Amino acid sequence: MSTFSSGEMAAEVFGRLFSVLLEDEEFVARARQEGLSVRLVHTKPDCQVFVSPQGVVVGEEAAPQTAAITLKMSCDTAHALWMGRLMVPVAIATGRLRIRGKVAKVLELVPMLRPAFDRYPDIAAASGVGA
C-alpha cells in the first residue's frame, strides 16, 4: 500500500514542500542564476510537480512545462528520500530514481534542497502522511 492515498494528496504534500523552498530568497536567487527548473513525475499514485523560481505548479498543469531536470520515481521513493531513509545515489543506482537532464544541474540542485529535507517530516505529518 502506498504512503499516499491519492495523487491529489501527494501533489498537495510535494507542492507544499517546494513552496517552502521558494520562500527562501537564497534558493530562489540561486535557482534563477543557474537556470534551474525541475519537473517531478511521481507514480503510484500519479502526480506531477513543476518547480521554477517563478513558482510551483501541481497536477495536470505541470505536465507541459519544460524543465532543466526531470526526476521520475514512485511517491513511496520520494517519501523515503525526503525523510532521509534513502540516499539519492542509492536511489539512482537501484533504478528507483530516474533523471533526465544534465548531471551538473542535478549536482547543483541537491545541496540547495537542504531546507526541504529539514521541513519535509513536519509537512508530511501535518498532511496525515505516516512516518
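The model shown is predicted, which means the values in this text are computed figures rather than measured ones. (Residues numbered from 1 in each chain as written. Predicted model: local features only at pLDDT ≥ 70, side-chain atom pairs only at ≥ 80, totals over all residues. Heavy atoms only, no water.)

## Some words on the overall build of the protein chain
The line we're drawing: Only DSSP runs of H or I with at least four residues qualify as helices, and only runs of E with at least two residues qualify as strands; both kinds are numbered from the N terminus onward. Each radius of gyration reported is based on C-alpha atoms, and the globular scaling rule is 2.2 Å times the count of residues to the power 0.38. Only protein chains enter the accessibility calculation, which uses a 1.4 Å probe. A residue is then buried if its area is under 20% of the maximum for its type, exposed if over 50%, and partly exposed in between. Every accessible area reported is derived by Shrake-Rupley at a probe size of 1.4 Å, with residue values counting cover from the shown protein chains alone. Under the convention used here, Asp and Glu are negative, Lys and Arg are positive, and both His and the chain ends fall outside the count. The location of each charge is read from NZ of Lys, CZ of Arg, CG of Asp or CD of Glu.
When helices and strands are counted, the protein chain shows 6 helices and 5 strands. Shown N-terminal to C-terminal, the secondary structure of the protein chain runs as helices and strands in the order α-α-β-β-β-β-α-α-β-α-α. Expected size for 131 residues packed as a compact globule is a radius of gyration near 14 Å; at 13 Å, the protein chain falls within 12% of this value. The C-alpha extent of the protein chain, read off along each of the three principal axes, is 40 × 30 × 30 Å. The proportion of buried residues among the 131 residues of the protein chain is 46%. Total accessible area on the protein chain stands at roughly 7000 Å², and carbon and sulfur atoms take up 53% of it. With 14 positive and 14 negative side-chain charges, the protein chain shows a spacing of 8 Å between the two charge centroids.

## Some thoughts on the packing of aromatic side chains
Note the threshold: Only Phe, Tyr and Trp rings are paired, with Trp represented by its six-membered ring, and only when their centres lie within 6.5 Å; those with planes under 30 degrees apart are stacked, over 60 edge-to-face, the remainder tilted.
This structure, assessed with the given rule, holds 5 aromatic pairs. Summarising the aromatic geometry, the rings of Phe18 and Trp82 are spaced 5.7 Å apart at their centres and angled 80° between planes, so their arrangement reads as edge-to-face. Taken together, the positions of Phe18 in helix α1 (residues 7-22) and Trp82 in helix α3 (residues 75-83) put the pair 64 residues apart, joining distant regions of the chain. Under the relative-accessibility criterion, Trp82 is labelled buried at 7%.

## Quick look at the packing of α3 against helix α6 (residues 114-126)
Note the threshold: Note on definitions: angles span 0 to 180 degrees between N-to-C directions of axes, and those axes are lines fitted to C-alpha atoms, for helices only across the stretch in contact. Any angle that is under 35 degrees is reported as roughly parallel, and any over 145 degrees as roughly antiparallel; angles of 65 to 115 degrees are reported as roughly perpendicular and all others as oblique. Residue contacts are defined here by distance: any two heavy atoms, one from each residue, within 4.5 Å place the two residues in contact. Residues are sorted three ways: Asp, Glu, Lys and Arg are charged, Ala, Val, Leu, Ile, Met, Phe, Trp, Tyr, Cys and Pro are nonpolar, and all the rest, Gly among them, are polar.
One way to put it is that α3 packs onto α6 with a least axis distance of 8 Å and a crossing angle of 120°. The orientation of α3 relative to α6 falls into the category oblique. Residue-level contacts link His79, Leu81, Trp82 and Met83 of α3 to Ala116, Phe117, Tyr120, Pro121 and Ala124 of α6. Residues that form the contact of α3 with α6 fall into these classes: 8 nonpolar, 1 polar and no charged.

## Describing empty space enclosed by the protein
Rolling a probe over the atoms, with the probe sized like a water molecule, indicates the empty space that remains. Heads up, the condition is: Grid spacing is 1 Å over the protein atoms alone, the probe is 1.4 Å, and a cavity is where that probe fits but cannot get out, while a pocket is an open set with protein on both sides within 12 Å along at least five of seven lines and lining residues have an atom within 4 Å of a point. Grid points are joined across faces, edges and corners, and a volume is the space filled by probe spheres set on the points.
One pass over the full model with this rule turns up 1 cavity of 30 Å³ or more. Of the volumes computed, that of the largest cavity is approximately 230 Å³. Taken together, 22 residues line the largest cavity, and the ones lying closest to its centre are Leu40, Leu71, Trp82, Leu109 and Leu113. Secondary structure elements with two or more residues in the lining of the largest cavity: α1, α2 (25-34), β1 (38-43), β2 (47-52), β4 (69-74), α3 and α5 (103-112). Looking at the lining of the largest cavity, the element that brings in the most residues is α5, giving 3 residues. Class assignment of the residues belonging to the lining of the largest cavity gives a composition of 21 nonpolar, 1 polar and no charged.

## As for the nonpolar core
Quick reminder of the rule: Only buried residues count toward a nonpolar core, which is a set of Ala, Val, Leu, Ile, Met, Phe, Trp, Tyr and Cys residues joined through side-chain atoms within 4.5 Å.
Counting residues in each nonpolar core, the largest one holds 41 residues, and the members touching the most others are Phe4, Phe14, Phe18 and Trp82. If you list the elements that add at least two residues to this core, you get α1, α2, β1, β2, β4, α3, α5 and α6. Here this core gets 10 residues from one element, more than from any other, and that element is α1. Each residue touching Phe18, except ones within four places of it in the same chain, is listed here: Leu40, Val49, Val51, Val56, Trp82 and Leu113.

## Comments concerning the sheet that holds strand β3 (residues 55-58)
Filter applied, for reference: The criterion for strand pairing is that DSSP finds at least two bridges linking the strands in question.
Here we have 5 strands laid out as an open sheet, ordered β3-β2-β1-β4-β5, and mixed in their pairing. Unpaired on one side and paired on the other, β3 and β5 (98-101) mark the two borders of the sheet. Within the sheet, the average angular offset between the axes of one strand and its neighbour, ignoring direction, is 15°. This element, α1, spans β1, β2 and β3 of the sheet and lies at about 10° to β2. With respect to the sheet, α3 is in contact with β1, β2 and β4, its orientation differing from that of β4 by roughly 105°.

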